[in-house]
Amino acid sequence: MTTVPFLDVASTARWVAHRGPEAVIARLVDALAADFVRWPDLDKRARIASHSRDGVIELMPASDDVTYGFKFVNGHPRNPVRGFQTVTAFGVLADVRNGYPTFLAEMTLLTALRTAATSALAARYLARAGSRTLALIGAGSQSEFQALGMRAALGVTHLRVWDTDPGAQAKLARHARALGFTVHEASDAADAVTGADVITTCTADKANATVLTHDMVFRLANPGVHVNAIGGDCPGKTELDPAILRGADVYVEYEPQTRVEGEIQQTPDVAVTELWEVVAGHRDGRRGAPATVGPEAAFERRAGDRRTPDDATVTVFDSVGFAVEDWATLRFVHDDVPAGLLQHLDLVAEPEDPKDLYSLVLAAQEDDRAEARHALDRLMGLAGRGPAEVLATARA
């Protein structure tokens, strides 16, 4: 009987805790980079999305000539006020040769890890050398993973955090300090980005919001700041002032999907570069000068302090999440998770004759009849008796 390995939520958490979340993200960055290099050889397509007034449910498939995979994921911004997660997901791998599933895993935790790893991969190629201060706007379930990803990729030591929810902001600050970061709890978004080398926006509202203005990015942040815009991921959901996109070098995962779902849905005229081209060495990444201002100086600055614009390039990674990242993550996890953490599920129907699927129903019926006979025997007190004893009982 073929069974399918299954990684549940609790086992995923134990695996991450044992390996260390920052170490997992760092290794996942390398796994993503390896698959981005072979991007042209992969079977790729935009996700299949079903939108409703409450949110979106999506299927995200990707494949090479050996392994197929997909993720089922939702995005429901109002879920937390109803006691549910904004995002929940699971993923499947299958063998291309026969179509059999080979791995099933929860992907709510794994999505947080892969999103952080993707941001870190982009920052590796697009952020200035010496970037140490990260502004995090949005302190929800993704935020700690993003901070760890930036430390793994860049050596970030200082966080400036802001969220419209004071409880979420306090939660992130508490966790981040325990993780060894120096944390400034900002009074607003402008305060958060002041003196930042990297800005990550990860808000959830399904709206064309302006979380970052042009002035914040080009006058308050450090010159040549890198922006990871990861909150906008569906039509009608954005975070950036369109003027930022027109003044920056913009990078995306898969342009056909990002044109519909990303920040650039606002600016169809803006040219973009797909990140894989940079990772594979076909296009340039960061062109600006290394950072010259230490993180301590950023913490000494006040919200609203102005910096004269210079010629350093602002880079934006307009990230909506793409199936190749989930596919790479599932393969990485499948190869890394200890066997003892896996359950095994009977998902594959395998009759003795591959053309006789109905035989499984007949076998189940026979099992039911046998069980019914045994139950009747037990009821009549005949269970465990031999044929002679049964006959003697009947004659009596």
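Everything discussed here concerns the structure shown above.
Residues numbered from 1 in each chain as written. Predicted model: local features only at pLDDT ≥ 70, side-chain atom pairs only at ≥ 80, totals over all residues. Heavy atoms only, no water.

### Some remarks on the overall build of the protein chain
The cut-off we apply is this: Each helix is a run of H or I in the DSSP string that is no shorter than four residues. Each strand is a run of E no shorter than two, and both are numbered from the N terminus. Burial classes: relative accessible area under 20% of the type maximum marks a residue as buried, over 50% as exposed, and values in between as partly exposed (1.4 Å probe, protein chains only). In this analysis, two residues are considered to be in contact whenever any of their non-hydrogen atoms come within 4.5 Å of each other. Only the protein chains shown count as cover for residues, with accessible areas throughout obtained via the Shrake-Rupley method and a probe of 1.4 Å.
When helices and strands are tallied, the protein chain shows 14 helices and 17 strands. The buried share of the protein chain, reckoned over its 396 residues, is 48%. For the protein chain, long-range pairs separated by at least 24 residues make up 73% of all intrachain contacts whose partners lie at least 6 apart in sequence. On the protein chain, roughly 18200 Å² of surface is accessible, and the fraction owed to carbon and sulfur atoms is 55%.

### Regarding a nonpolar patch on the surface
Selection rule: Here the term patch refers to residues with relative accessible area over 30% and no salt bridge, with like charges joined within 9 Å and nonpolar side chains (Val, Leu, Ile, Met, Phe, Trp, Tyr) within 5 Å. Whenever Lys or Arg places a side-chain nitrogen within 4 Å of a carboxyl oxygen from Asp or Glu, that contact is recorded as a salt bridge.
On the surface, Tyr358, Val361 and Leu362 cluster together to form a nonpolar patch covering roughly 280 Å² of accessible area. Along the chain, the position of Val361 falls in helix H13 (residues 358-379).

### Here we look at the sheet that holds strand S1 (residues 4-7)
Quick note on the threshold: Two strands qualify as a pair provided that DSSP identifies no fewer than 2 bridges between them. Orientation is described by lines fitted to C-alpha atoms, with helices fitted over the stretch in contact, and by angles between N-to-C directions that extend from 0 to 180 degrees.
Overall, mixed pairing links the 7 strands, which are arranged S2-S3-S4-S5-S6-S1-S17 in an open sheet. Here the strands that pair on one side only, and so sit at the sheet edges, are strand S2 (48-51) and strand S17 (343-345). Between one strand axis and the next, the sheet turns through 15° on average, direction left out of account. Running over the sheet, helix H12 (residues 323-336) touches S1, strand S3 (56-63), strand S4 (67-75), strand S5 (89-95) and strand S6 (101-106) and is turned about 70° from S3.

### Digging into the environment of Pro5
Mapped onto the fold, Pro5 is located in strand S1. Note: C-alpha distance between Pro5 and Pro101 (96 residues apart in sequence) is 9.1 Å.

### As for the pattern of salt bridges
Evaluated as defined, the whole model comprises 25 salt bridges. Here Glu185 makes a salt bridge to Arg177, at a shortest N to O gap of 3.3 Å. Residue class for Glu185 comes out partly exposed when judged on its relative accessible area of 35%. Given the relative accessible area of 43%, Arg177 is considered partly exposed. For Glu277, the salt bridge goes to Arg283, with nearest N and O atoms at 3.9 Å. Because the salt bridges share partners, they merge into one network encompassing Asp35, Arg38, Asp64 and Arg331.

### Examining the packing of helix H1 (residues 9-19) against helix H3 (residues 108-126)
Rule in force here: Amino acids outside the nonpolar list (Ala, Val, Leu, Ile, Met, Phe, Trp, Tyr, Cys, Pro) and the charged list (Asp, Glu, Lys, Arg) are all regarded as polar, and Gly is one of them.
Two elements in contact, H1 and H3, have axes separated by 9 Å at closest approach and are oriented at 40°. Of the residues in H3, those in contact with Val9, Thr12, Ala13, Trp15 and Val16 of H1 are Leu109, Leu110 and Leu113. Here the contact of H1 with H3 is composed, by residue class, of 7 nonpolar, 1 polar and no charged.

### A closer look at the sheet that holds strand S15 (residues 272-274)
The strand order S9-S8-S7-S10-S12-S16-S14-S15 describes an open sheet built from 8 strands, whose pairing is parallel. One side of each edge strand has no neighbouring strand; the edge strands of this open sheet are strand S9 (182-185) and S15. Across the sheet, the mean angle separating the axes of adjacent strands is 20° when strand polarity is ignored. Taken together, the 3 bridges between strand S14 (residues 249-252) and S15 define a ladder with parallel strand orientation. Along S15, the bridge assignment pairs Tyr251 with Thr273. Where helix H4 (residues 143-154) meets the sheet, its contacts fall on strand S7 (133-137), strand S8 (158-162), strand S10 (198-201) and strand S12 (226-229), and the angle it forms with S7 comes to roughly 160°. Seen against the sheet, helix H5 (residues 166-178) touches S7, S8 and S9 and runs at an angle of roughly 165° to S9.

### So, the packing of aromatic side chains
Spelled out, the test is: Stacked, edge-to-face and tilted are the three classes for Phe, Tyr and Trp ring pairs, Trp counted by its six-membered ring, which pair at centre distances within 6.5 Å; planes under 30 degrees apart are stacked, over 60 edge-to-face, the rest tilted. Any Lys NZ or Arg CZ found within 6 Å of a ring centre and within 35 degrees of that ring's normal is scored as a charge over the ring.
Taken as a whole and assessed by the stated rule, the structure comprises 6 aromatic pairs. Seen in terms of ring centroids, Phe72 and Phe90 are 5.1 Å apart; in terms of plane orientation they differ by 20°. Their pairing is stacked. Of this pair, Phe72 sits in strand S4 while Phe90 is found in strand S5, placing the two residues 18 residues apart along the sequence. In textbook terms, an aromatic cluster arises when at least three aromatic residues are bridged by ring pairs, as seen for Phe36, Trp39, Tyr254 and Phe322. Across from the ring centre of Phe181, 4.3 Å away, lies the NZ or CZ of Arg151, which sits over that ring. Between the NZ or CZ atom of Arg331 and the centre of the ring of Trp327, over which it lies, the distance is 4.1 Å.

### Examining the pairing of S5
Extensive coverage of S5 is indicated by the burial of 6 of its 7 residues. By the bridge criterion, 7 bridges tie S4 to S5 in an arrangement that is antiparallel. The partner of Tyr68 across the bridge, within S5, is Ala94. Here S5 runs beside S6; their pairing, made up of 5 bridges, is antiparallel. Across the sheet, Phe90 pairs through a bridge with Glu106, a residue of S6. Linking two consecutive strands that pair antiparallel, namely S5 and S6, is a turn of 5 residues; a positive phi of about 80° is found at Gly99 within it.

### Overview of the nonpolar core
We count it as follows: Here, nonpolar core refers to any group of buried Ala, Val, Leu, Ile, Met, Phe, Trp, Tyr and Cys residues whose side-chain atoms link them within 4.5 Å.
Residues Trp15 and Leu113 are the most contacted members of the largest nonpolar core, which totals 70 residues. When residues of this core are assigned to their parent elements, the largest contribution, 10 residues, is made by H3. Among all residues touching Trp15, those that are not within four sequence positions of it are Val24, Leu110, Leu113, Phe332, Val333, Asp336, Val337, Pro338 and Leu341. Ranked by size, the runner-up nonpolar core spans 28 residues in total, among them Ala192, Leu240, Ala248 and Val314.

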